[in-house]
Amino acid sequence: MTPEARRRWTGELIMMVTILLMGSSYPLAKEVLVVMSPLLYSGSRYVIAGIFLFAALIVMRQPIALPQRDWLPIVLLSIVGVAAFQACWGLGMARSAPSVGSIVMTTTTAFSAILAWMGGRRLPGLGWLGIFVAFAGVVIVVNNSLSSWTLALGNIDGALFWVLSAFAWALYVDRCTPYNARLGGLRVFAWTTLIGSVVLTLLALAFDSLAEFGRLDTRQFSYWLYTAIFPVGVAFLGLSIGFERLGVPRVMVYMYLIPVAGVGLSAAFFGDPLTWARVLGGGIVLSGVILTRVALDRAARVPV
């Protein structure tokens, strides 16, 4: 095996592990939220993730300090991409099944396309079709029935939080691009993770108490610690290696497997009902997301 082939093979293996780690956060988080409040859970686990990422920077001997001119935008990115994103993520998880969250979060690509269009980038008709298809699939997933209409204001709040979470993440990724290119993705993610998590944790402590940690049993505490380190810190390192060894298009193919991992793990190990409506709706969402991504890639290749 040539060095290049070995490099690609290890990249593929790392991405498979990364997707499983990211998908595993959904069912495990649900177990912790039986005891812990959503805001405190989301904020506290990201504090641990931020510390882990700074440790990775030190071990890899990468720059840590931020230029003075970047502090304000990094703080704003922290509020959007971690505090708001994780607040909605936790609230959505507490109010809905893990499989719903893992599917709805894939609409991040649709929101990314809309933000690109708002920024002046051309979005072909195929992209708009993909966005429509993706959100139609979300309606089927949330309705969770193929024979009757079950949606009502009282039972869609969880899905609405997931949609807000997907939008916040899309906005964060969109606005992070120039800072990632200049400062490095790992440094930006480390700072935004730590700052945003501290903001969210302080907000949570205005309503909740650290005494909630005392109510976690050994299993739940291990899930909290796991979701703090592996689906965030370790997975982001895996994504960084994947981008370097496989390129963005190949990594994006793997990203489409996150809902498959989330739904599969939720159903296999945690009893999350796997209904035909969620299977069909998830497939429709995934189809719409892929159509949108193809449209964006085609538009990027067309000279302006």
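Our subject is the structure that appears above.
Residues numbered from 1 in each chain as written. Predicted model: local features only at pLDDT ≥ 70, side-chain atom pairs only at ≥ 80, totals over all residues. Heavy atoms only, no water.

1. Re the overall build of the chain
To be explicit about the condition: Each helix is a run of DSSP H or I of at least 4 residues and each strand a run of E of at least 2, with the numbering of both proceeding from the N terminus. The globule rule used here is 2.2 Å times the number of residues to the 0.38 power, and the radius of gyration it is set against is calculated over C-alpha atoms. The cut-offs for exposure are 20% and 50% of the maximum accessible area for each residue type, with area from a 1.4 Å probe on protein chains only; residues under the lower value are buried, those over the upper are exposed, and the others partly exposed. Pairs of residues are marked as contacts when any of their non-hydrogen atoms sit within 4.5 Å. Throughout, the Shrake-Rupley method with a 1.4 Å probe supplies accessible areas, and for residues the shown protein chains are the sole cover considered. We count Lys and Arg on the positive side and Asp and Glu on the negative side, and we leave His and both chain ends out. By convention, the point assigned to a charge is CZ for Arg, NZ for Lys, CD for Glu and CG for Asp.
On a plain count of helices and strands, the chain comes out with 12 helices and 0 strands. Overall, the chain shows an N-to-C arrangement of helices and strands of α-α-α-α-α-α-α-α-α-α-α-α. On C-alpha atoms alone, the chain measures out to a radius of gyration of 19 Å, which is about the 19 Å that the 2.2 N^0.38 rule sets for 304 residues. Across its three principal axes, the chain shows a C-alpha extent of roughly 55 × 55 × 45 Å. Across the 304 residues of the chain, 48% fall into the buried class. Restricting the contact set of the chain to residue pairs at least 6 apart, pairs at least 24 apart contribute 89%. Carbon and sulfur atoms make up 71% of the accessible area of the chain, which amounts to about 14,400 Å² in all. In the chain, 21 side chains carry a positive charge and 12 a negative one; their mean positions are 8 Å apart.

2. Examining the environment of Ile290
On the secondary structure map, Ile290 appears in helix H12 (residues 276–301). Spatially, the C-alpha atoms of Ile290 and Thr109 are 8.6 Å apart, while their sequence positions differ by 181 residues.

3. Overview of the nonpolar core
Definition in use: By convention a nonpolar core is built from buried Ala, Val, Leu, Ile, Met, Phe, Trp, Tyr and Cys residues, the set being connected through side-chain atoms within 4.5 Å.
One finds Tyr41, Trp89 and Trp162 to be the most contacted residues of the largest nonpolar core, which totals 71 residues. In terms of residues, this core owes the most to one element, helix H7 (residues 157–183), which gives 10 residues. Listed in part, the 5 residues of the second largest apolar core include Ala110, Ala113, Ile131 and Leu296.

4. Focus on unusual backbone geometry
Unusually for a residue other than glycine, Arg61 sits at a positive phi of about 55 degrees. Locating Arg61 in the fold gives a position in the loop between helix H2 (38–59) and helix H3 (71–95). Taking relative accessible area as the criterion, Arg61 reaches 80% and is therefore assigned exposed.

5. With respect to the packing of aromatic side chains
The geometry of an aromatic ring pair is captured by the separation of the ring centres together with the interplanar angle, meaning the angle of the planes. Definition in use: When two rings of Phe, Tyr or Trp (its six-membered ring) have centres within 6.5 Å they constitute a pair, described as stacked for plane angles under 30 degrees, edge-to-face for angles over 60, and tilted for the intermediate range. In our convention, an over-ring charge means Lys NZ or Arg CZ found within 6 Å of a ring centre and within 35 degrees of that ring's normal.
Applying the stated criterion across every chain yields a total of 15 aromatic pairs. Consider the rings of Trp117 and Trp128, whose centres lie 5.1 Å apart with planes at 85 degrees: the pair is edge-to-face. Of this pair, Trp117 sits in helix H5 (residues 108–118) while Trp128 is found in helix H6 (residues 125–143), placing the two residues 11 residues apart along the sequence. Look at Trp117 and you get partly exposed, because its relative accessible area is 45%. The cationic tip of Arg45 hangs over the ring face of Trp89; the distance from NZ or CZ to the ring centre is 4.7 Å.

6. Observations regarding H3
Put simply, the test is: By this rule, a helix spans an expected 1.5 Å times one less than how many residues it contains. The angle separating two fitted axes, one through the seven residues that finish at a residue and one through the seven that start at it, defines the bend at that residue.
End to end, H3 covers 35 Å across 25 residues, agreeing with the expected 36 Å (1.5 Å per residue, within 8%). At Ile79, H3 shows its maximal kink, close to 30 degrees.

7. Regarding the packing of helix H8 (residues 185–205) against helix H9 (residues 218–246)
Filter applied, for reference: Structural elements are reduced to axes, namely lines fitted to C-alpha atoms, with helices fitted over the stretch in contact, and the angle between N-to-C directions of any two is expressed from 0 to 180 degrees. Here roughly perpendicular refers to angles of 65 to 115 degrees, roughly parallel to angles under 35, roughly antiparallel to angles over 145, and oblique to all remaining angles. With the far helix as reference, a near helix turned anticlockwise by less than a right angle produces a left-handed crossing, and one turned clockwise produces a right-handed crossing. Asp, Glu, Lys and Arg are counted as charged, while Ala, Val, Leu, Ile, Met, Phe, Trp, Tyr, Cys and Pro are counted as nonpolar; the rest, among them Gly, fall into the polar class.
Interhelical geometry of H8 versus H9 gives an angle of 165 degrees and a closest axis separation of 11 Å. The angle between the axes of H8 and H9 places the two elements in the roughly antiparallel class. Considering only the axes of H8 and H9, their crossing is right-handed. Between H8, through Gly185, Leu186 and Phe189, and H9, the contact on the second element is made entirely by Val232, Phe236 and Leu237. Across the contact of H8 with H9, the residue classes tally to 5 nonpolar, 1 polar and no charged.

8. Some remarks on the pattern of salt bridges
What counts, and what does not: Here a salt bridge means any side-chain nitrogen of Lys or Arg lying within 4 Å of a carboxyl oxygen belonging to Asp or Glu.
In total, this model carries 4 salt bridges according to the counting rule given. Between Glu31 and Arg219 there is a salt bridge, with its nearest N and O atoms 2.9 Å apart. On the criterion of sequence distance, the pair formed by Glu31 in helix H1 (residues 3–32) and Arg219 in helix H9 is long-range, its members being 188 residues apart. The salt bridge partner of Arg95 is Asp157, with a shortest N-O separation of 3.4 Å. Taken together, the positions of Arg95 in helix H3 and Asp157 in helix H7 put the pair 62 residues apart, joining distant regions of the chain.

9. Re the environment of Thr150
Within the element layout of this structure, Thr150 appears in the loop between H6 and H7. On the basis of relative accessible area, Thr150 is assigned to the partly exposed category, the value being 32%. Through-space distance from the C-alpha of Thr150 to that of Phe132 is 21 Å; in sequence the pair is 18 residues apart.

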